[in-house]
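# Chain and residue survey
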Amino acid sequence: MWETDGTSRTRCRKRRRVAEFLVAAMVWVGLWAGLATGVSRGQENPLGQVHTQEPPPPPKSPEDEKPVVEGANNVAANATAHRRDSRIRVDVNLVLVPATVTDPMNRLVTGLEKENFEVYDNNVGQIIKSFSTEDAPVTIGVIFDLSGSMTSKYARARKALSEFLRTCNPQDEFFVVGFNDRPAVVVDYTSDVDDVEARMVMLKPENRTALIDAVYLGVNKLRQAKYDRKALLIISDGGDNRSRYTEGELRRVVRESDVQIYSIGIFDQYAPTQEEQLGPILLTDICEMTGGRMFRVGDLADLGDIASRISAELRNEYLIGYRPSEMKKDGNWRKLKIRLVPPPGLPPLTVHNRQGYYAPSQ
């Protein structure tokens, strides 16, 4: 009786093992089938990996073999714009403020430390979270005056532009907007100075001065910038006498942007028109509004030195970061102020920084 019962139990165990084996086999078959389906559709599999399987290309017709010429430049331009605009931006409420410091002789001051700066947001002191002086790449838009009054100054101004670009960070990217009666992008985004020089040689100054329209175009063009740091360099010899946009509209778009503006003003000693008399005031205002500066040229021979000086300032900025202690997402203007606490023994110093920014609206 014991042997019979034992034999029965042994047979039951064998049948159970066979059943478990068959169930396990069916489970594995189902899993592999699911994996194969997920892989073929480019879905995420249980291992967290994504694989895609491209369908074979359709057979080409004789028409497909013909080269496409018309509209190719537009397609390339649109692809470039899409690439630039598709960058992911993450808002962590960190405000970054570029700043430069000069001494009473208007010379650049470097070597200051985090402890030498105090930041005020809407007159409230802030804790500086980040501080650096590294030469980070910049996207630079050049606004170049091609009006008729620049004819006698064009060769020197063009050479100054070359010196500016050749003393920039090699990773910087730049474009050039030329303007007379109306503005136009004459050199699109590039990091090759030779490209700019070759194009500028072909241009000829003529007609009137649409300065405001040109700066407006430059600010909008910088929306496609590769780098977070953005700057405009304006090279002009007079006030506006042709633009469709007004000074008020320009000031508003500059205030809303995160662009630093520098200017080289090649003004005549005796400006014959009211527009030319007001030109230096306009350029000074929009530069100081953004933390940049306007350099007035007294001698054309100084153009190259001034251009190199602006390049040096862009490469030796203090980048100060803080998180506002009272951030209301109301879209209102917030005033910025940076106060210097210089080391003992230094003369009075001046800090140049953006005057404020708009808070996010949501």
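Look up a bit, the structure's there.
Procedures and definitions
Residues numbered from 1 in each chain as written. Predicted model: local features only at pLDDT ≥ 70, side-chain atom pairs only at ≥ 80, totals over all residues. Heavy atoms only, no water. Helix = DSSP H or I, 4+ residues; strand = E, 2+ residues; numbered from the N terminus. Buried < 20%, exposed > 50% of the residue type's maximum accessible area, 1.4 Å probe, protein only. Contact = heavy atoms within 4.5 Å. Areas by Shrake-Rupley, 256 points an atom, 1.4 Å probe, with all protein chains shown as cover. Core = buried A, V, L, I, M, F, W, Y, C linked by side-chain atoms within 4.5 Å. Axes fitted to C-alpha atoms, helices over the stretch in contact; angles between N-to-C directions. Parallel < 35°, antiparallel > 145°, perpendicular 65-115°, else oblique. Left-handed = near helix turned anticlockwise from the far one by under 90°. Nonpolar A, V, L, I, M, F, W, Y, C, P; charged D, E, K, R; others polar. Pairing = 2+ DSSP bridges. Salt bridge = Lys/Arg side-chain N within 4 Å of Asp/Glu carboxyl O. Phe/Tyr/Trp six-rings, centres within 6.5 Å; stacked < 30°, edge-to-face > 60°.

### So, the overall build of the chain
- Check the secondary structure of the chain and you find eight helices and 14 strands.
- Each of the 362 residues in the chain was classed as buried or not, and the buried ones make up 38%.
- Of the contacts made within the chain by residues no fewer than 6 positions apart, 79% connect residues no fewer than 24 positions apart.
- For the chain, the exposed surface amounts to about 21,700 Å²; the carbon and sulfur share of it is 52%.

### Notes on the nonpolar core
- In terms of nonpolar packing, the biggest core is built from 34 residues, with Phe 144, Phe 164 and Ile 264 touching the most fellow members.
- Listed by contribution, the elements that provide at least two residues to this core are strand S5 (139–145), helix H3 (154–166), strand S6 (173–179), strand S7 (183–190), helix H4 (193–201), strand S8 (230–236), strand S9 (259–265) and helix H8 (303–315).
- Sorting elements by how many residues they give to this core places H3 first, with six residues.
- Setting aside its immediate chain neighbours within four residues, Ile 264 contacts Leu 233, Ile 234, Ile 235, Ser 236, Phe 295, Val 297, Leu 303, Ile 306, Ala 307 and Ile 310.
- Counting residues in hydrophobic clusters, the runner-up holds 27 residues, among them Val 177, Leu 232, Leu 250 and Leu 283.

### Some points on the packing of helix H6 (residues 247–256) against helix H7 (residues 274–290)
- Relative to each other, H6 and H7 sit at 20°, their axes nearing to 10 Å. Considering the angle they form, H6 stands roughly parallel to H7. Judged by the sense of rotation from one axis to the other, the crossing of H6 with H7 is right-handed. In contact with Glu 247, Leu 250, Arg 251, Val 254 and Arg 255 of H6, H7 contributes Leu 282, Asp 285, Ile 286, Met 289 and Thr 290.
- Classifying every residue of the contact of H6 with H7 by side-chain character gives five nonpolar, one polar and four charged.

### Thoughts on the sheet that holds strand S11 (residues 318–322)
- The four strands lie next to each other as S4-S11-S1-S13, forming an open sheet whose pairing is antiparallel. Looking at which strands have only one partner, the edges of the open sheet turn out to be strand S4 (128–132) and strand S13 (350–353). Pairwise comparison of adjacent strand axes, ignoring direction, gives a mean angle of 30° for this sheet.
- With four bridges joining them, strand S1 (residues 95–102) and S13 adopt antiparallel strand pairing. Bridged to Thr 100 within S13 is His 352.

### Observations regarding the pattern of salt bridges
- Under the criterion given, the structure shown has 16 salt bridges.
- For Arg 315, the salt bridge goes to Asp 135, with nearest N and O atoms at 2.7 Å. Note that Arg 315 is positioned in helix H8 and Asp 135 in the loop between S4 and S5, a separation of 180 residues in sequence.
- Put simply, Asp 194 and Arg 166 hold a salt bridge, and the shortest N to O gap is 2.8 Å.

### Section: the sheet that holds strand S2 (residues 117–121)
- Across the sheet, four strands lie side by side as S3-S2-S12-S14; this open sheet has antiparallel pairing. If you trace the sheet from one side to the other, it starts and ends with strand S3 (124–126) and strand S14 (356–358), each paired once. Taken over all neighbouring pairs, the strand axes of this sheet differ in orientation by 30° on average, direction set aside.
- Judged from the five bridges that link them, S2 and strand S12 (residues 333–340) form a sheet pairing that is antiparallel. Bridge pairing in S12 places Glu 118 opposite Arg 339.

### Quick look at helix H5 (residues 211–221)
- Burial analysis of H5 places nine of its 11 residues in the buried class, which makes it a mostly covered element.
- Every buried residue of H5 is listed here: Leu 211, Ile 212, Asp 213, Ala 214, Val 215, Tyr 216, Gly 218, Val 219 and Lys 221.
- Considering only its buried residues, H5 is in contact with S5, S6, S7, S8, H6 and H7.

### Some points on the packing of H3 against H4
- Where H3 contacts H4, the axes come no closer than 10 Å and their chain directions differ by 170°. In terms of orientation, H3 lies roughly antiparallel with respect to H4. Counted together, Tyr 154, Arg 158, Leu 161, Ser 162, Leu 165 and Arg 166 of H3 and Val 193, Asp 194, Val 196, Glu 197, Met 200 and Val 201 of H4 form the full contact between these two elements.

### Observations regarding the packing of aromatic side chains
- Enumeration over the complete set of coordinates arrives at seven aromatic pairs.
- Measuring from ring centre to ring centre gives 6.0 Å for Phe 131 and Tyr 318, while their planes differ by 25°; the resulting arrangement is stacked. In this pair, Phe 131 sits in strand S4 while Tyr 318 sits in strand S11, placing the two residues 187 residues apart along the sequence.
- Residue class for Tyr 318 comes out buried when judged on its relative accessible area of 2%.
- Measuring from centroid to centroid gives 5.1 Å for Trp 333 and Tyr 358, while their planes differ by 70°, and the two rings are edge-to-face. Residue Trp 333 is found in strand S12, and its partner Tyr 358 is found in strand S14; the two are separated by 25 residues along the sequence.
- Since its relative accessible area comes to 24%, Trp 333 is described here as partly exposed.
- Of the residues examined, Tyr 358 reaches a relative accessible area of 34% and is grouped as partly exposed.

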